[in-house]
Amino acid sequence: MTPPLTPHPSLLTSPTPPAVLMLAYTHYENDPRVIRAAEAAHEGQFSVDVIALRREGQLSVETIRGVRVFRVQVRYRGSSRLKYLQEYVRFFVRCTMMSARLSITKRYKVIHVHNIPDALVFAALIPKLFGAKVILDIHDPMPETYGSKFSKLAHSVVGRLLLLQEKLSVAFADATITVSEPLKQGVLIKHGYPPETIGVIANFTDDELFKVMACPPVEDRVRFVFHGTILERYGLQTLLNAVAQVRHRDKIQVRIIGEGDFSAKLKDLIGEYGVGNTVTFDNHAYPVHEIPNMLSDCHVGVVPLDIGTSTVANFALPLKLVEYTCLGMPSITVRNAAIEHYFRPDECMFFNSGDAHALARLIDSVVENTDCLIEYRKRLGGVRERLLWSKEKEKYIAMLRDLAGYSVGSAG
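Residues numbered from 1 in each chain as written. Predicted model: local features only at pLDDT ≥ 70, side-chain atom pairs only at ≥ 80, totals over all residues. Heavy atoms only, no water.

### Regarding the pattern of salt bridges
Side chains that differ in sign of charge can pair as their charged atoms come close. Under the definition given, this model contains 18 salt bridges. For Arg-247, the salt bridge goes to Glu-368, with nearest N and O atoms at 2.6 Å. Pair noted here: Arg-247 is in the loop between α8 (236-245) and β10 (252-257) and Glu-368 is in helix α13 (residues 356-368), with a separation of 121 residues, a long-range link. Members of the salt-bridge network, linked through shared partners, are Glu-29, Arg-55, Glu-62, Arg-71 and Glu-259. (Salt bridge = Lys/Arg side-chain N within 4 Å of Asp/Glu carboxyl O. Helix = DSSP H or I, 4+ residues; strand = E, 2+ residues; numbered from the N terminus.)

### What about the pairing of β10?
A large share of β10 lies buried, amounting to 5 of its 6 residues. In this fold, the crossover linking strand β9 (residues 222-227) to β10 by way of α8 has right-handed handedness. Judged from the 4 bridges that link them, β10 and strand β11 (residues 279-282) form a sheet pairing that is parallel. When the sheet's bridge partners are listed, Ile-256 is paired in β11 with Phe-281. With respect to chirality, the unit in which β10 leads through helix α9 (residues 263-272) into the neighbouring parallel β11 is right-handed. (Buried < 20%, exposed > 50% of the residue type's maximum accessible area, 1.4 Å probe, protein only. Right-handed = clockwise from strand over helix to strand, strands pointing away. Pairing = 2+ DSSP bridges.)

### Some details on the sheet that holds strand β3 (residues 61-64)
Read across the open sheet, the 8 strands follow the order β3-β4-β2-β1-β5-β6-β7-β8; overall the sheet is mixed. What marks the edges here is a single partner per strand, and that holds for β3 and β8 (198-200). In this sheet, neighbouring strand axes are inclined to one another by 25° on average, regardless of whether the strands run parallel or antiparallel. Here strand β6 (residues 133-138) pairs with strand β7 (residues 175-178) via 4 bridges, running parallel. Residue pairing across strands places Leu-136 opposite Thr-176, the latter belonging to β7. (Axes fitted to C-alpha atoms, helices over the stretch in contact; angles between N-to-C directions.)

### Here we look at the side chain of Glu-392
Here Glu-392 shows up in helix α15 (residues 389-404). A relative accessible area of 10% places Glu-392 in the buried class. When sequence neighbours within four positions are dropped, the list of residues in contact with Glu-392 reads Val-200, Ile-201, Ala-202 and Phe-204. (Contact = heavy atoms within 4.5 Å.)

### Considerations on the confidence of the model for the protein chain
Overall, the prediction assigns the protein chain a mean pLDDT of 91, with 92% of residues at 70 or greater. Every residue in residues 1-13 is under pLDDT 50, and counting partners more than four places away or in other chains gives 21 contacts. Confidence drops under pLDDT 50 across residues 408-412; counting only partners more than four residues distant or on other chains, this segment forms 13 contacts. (pLDDT = per-residue confidence, 0-100.)

### Looking at the sheet that holds strand β14 (residues 349-351)
The strand order across the open sheet formed by 6 strands is β11-β10-β9-β12-β13-β14, and the pairing between neighbours is parallel. Looking along the sheet, the strands with just one partner apiece sit at the ends: β11 and β14. Strand-to-strand twist across the sheet, computed as the mean angle between neighbouring axes with direction ignored, equals 25°. Sheet topology places strand β12 (residues 300-303) next to strand β13 (residues 331-334); 3 bridges connect them, and they run parallel. Each residue of the ladder has a partner; that of Val-303, found in β13, is Thr-333. Where α9 meets the sheet, its contacts fall on β10 and β11, and the angle it forms with β11 comes to roughly 160°. Strands in contact with α13 are β9, β10, β12, β13 and β14; relative to β14, the strand with the most contacts, it is inclined by about 155°.

### A look at helix α2 (residues 32-43)
With 12 residues, α2 extends 16 Å from end C-alpha to end C-alpha; this agrees with the ideal 16 Å at 1.5 Å per step. Of all 12 residues in α2, 10 are buried; the element is thus mostly enclosed. Every buried residue of α2 is accounted for by Pro-32, Arg-33, Val-34, Ile-35, Arg-36, Ala-37, Ala-38, Glu-39, Ala-40 and Ala-41. At the C-terminal side of α2, Gln-45 shows a positive phi close to 75°. (Expected span 1.5 Å × (residues − 1).)

Given below as structure tokens:
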């Protein structure tokens, strides 16, 4: 186990801890990367505030595990570009006003801005004028991400404008980080940034939360699971198509957990493929800290990412794949640059993206030989050691201390 971080002496003697503000167009309790960063900063002896989205019925201000969360508006989900733009502008205005007001009394040392959108960094202008350093955290590169959501956008005037706002945002920020080495090398460097200007804090799961669980017994059915945001590019139609072709459908159960833009279509597809007796869709987003318990009776994680939908999909490391691995759960997934960077060929059950026939054959093969799950579980111990958030957390806290003027280090 990684030893606990030792607070820098100046943090211990300071009358008030240095403060960090995070801005994120997301629901805090459902976003693992934002939660991990906020809790890491808190562990590193920083006072942490987060401005995020609100669900109906939630408190406007709440302290969660030492992090003060301000919730300012309800999220839009849909297919309208104009609506997305309007929602981003509303959120930007609210973050600008709130960060300016809070910075008068809090005097933040660091503002950590999680994209999307990248231009949210400019909401930190007033704290930056007061001396705060700004981090831009590129979870998803906007030109490629919205190119996958809206056809032909990536090569349009709008696509070029998205790239321009990304470049302006990177220039405004004091530090830019992203979620994986393949995304940095395969996308961001090609946008024209020098390699040394983009740090990597890998998007690994919290290994203190996602601990190895006991293998549930396989009785009458093998239980497969997909959890997370419900989007078309995550290959859920391929999964349903495969389930419809499985020969041993009476011996499997497929659970899909989450919410997102593709939810309504997914419900329709479950009926169209006639798999309602096999597939259960729990259309809710649950707090991250509840997920391990929800997965505890599952045997196999399924990550059927659709690589063909966008360039960025080839460089995505699905967090759910890392979570299944840290739980000791074997996974069925696709090959892309990021997954093959972090996983060896014998550590997952691979199929070609979009190939429902191949996925169906894999599911049948698991049912016919459930002992294979034991062999995959044995291999996952070594994988888990390569994907520890506890190591990335040390890098992140060192970066915060460096930017705040308390230590020397960088995201690397």
